[in-house]
Amino acid sequence: MDFYILKKQEKFVAIPADEQNCKDYLDDGYFYVDKVAACNEKSAIKRVQDKHSRVLKLPAKFFLVALPVIIFAWWQLTR
């Protein structure tokens, strides 16, 4: 079953993929995030939250790898 994932502040909501129902939520201040296929609302929300957390973790990992390189380069230039 397809679900629309909507977000208001930090709260995710999964609703069945019905355009009229989605428009009602959008009028109430929710924002469209994604459309996912899942067996229920709980798993649909979990899929989107996992995807968003991966997007945030990747830049942090690159920064942690680049930080020692930057420190070493700065140390070499200032010696």
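A brief structural summary.

Reading guide: rules and limits
Residues numbered from 1 in each chain as written. Predicted model: local features only at pLDDT ≥ 70, side-chain atom pairs only at ≥ 80, totals over all residues. Heavy atoms only, no water. Phe/Tyr/Trp six-rings, centres within 6.5 Å; stacked < 30°, edge-to-face > 60°. Buried < 20%, exposed > 50% of the residue type's maximum accessible area, 1.4 Å probe, protein only. Helix = DSSP H or I, 4+ residues; strand = E, 2+ residues; numbered from the N terminus. Core = buried A, V, L, I, M, F, W, Y, C linked by side-chain atoms within 4.5 Å.

### A few points about the packing of aromatic side chains
Turning to step 1, where the next piece is worked out: Enumeration over the complete set of coordinates arrives at three aromatic pairs.
Turning to step 2, where the next piece is worked out: With centroids separated by 5.2 Å and ring planes inclined at 75 degrees, the aromatic side chains of Y25 and Y30 adopt a geometry described as edge-to-face.
Turning to step 3, where the next piece is worked out: For Y25, a relative accessible area of 24% translates into the label partly exposed.
Turning to step 4, where the next piece is worked out: The exposure class assigned to Y30 is buried, which follows from its relative accessible area of 12%.
Turning to step 5, where the next piece is worked out: Taking the centre distance of 6.0 Å and the plane angle of 40 degrees together, the rings of F72 and W75 count as tilted. Placement of both F72 and W75 in helix α2 (residues 41-78) is noted, with a separation of three residues, approximately one turn of the helix.

### With respect to the nonpolar core
Turning to step 1, where the next piece is worked out: In terms of nonpolar packing, the biggest core is built from nine residues, these being F3, I5, F12, A14, V36, A38, A44, I45 and V48.
Turning to step 2, where the next piece is worked out: In terms of residues, this core owes the most to one element, α2, which gives three residues.
Turning to step 3, where the next piece is worked out: Within the second largest apolar cluster, six residues are counted, among which are Y4, L6, V13 and C22.

Geometry only, nothing functional implied.
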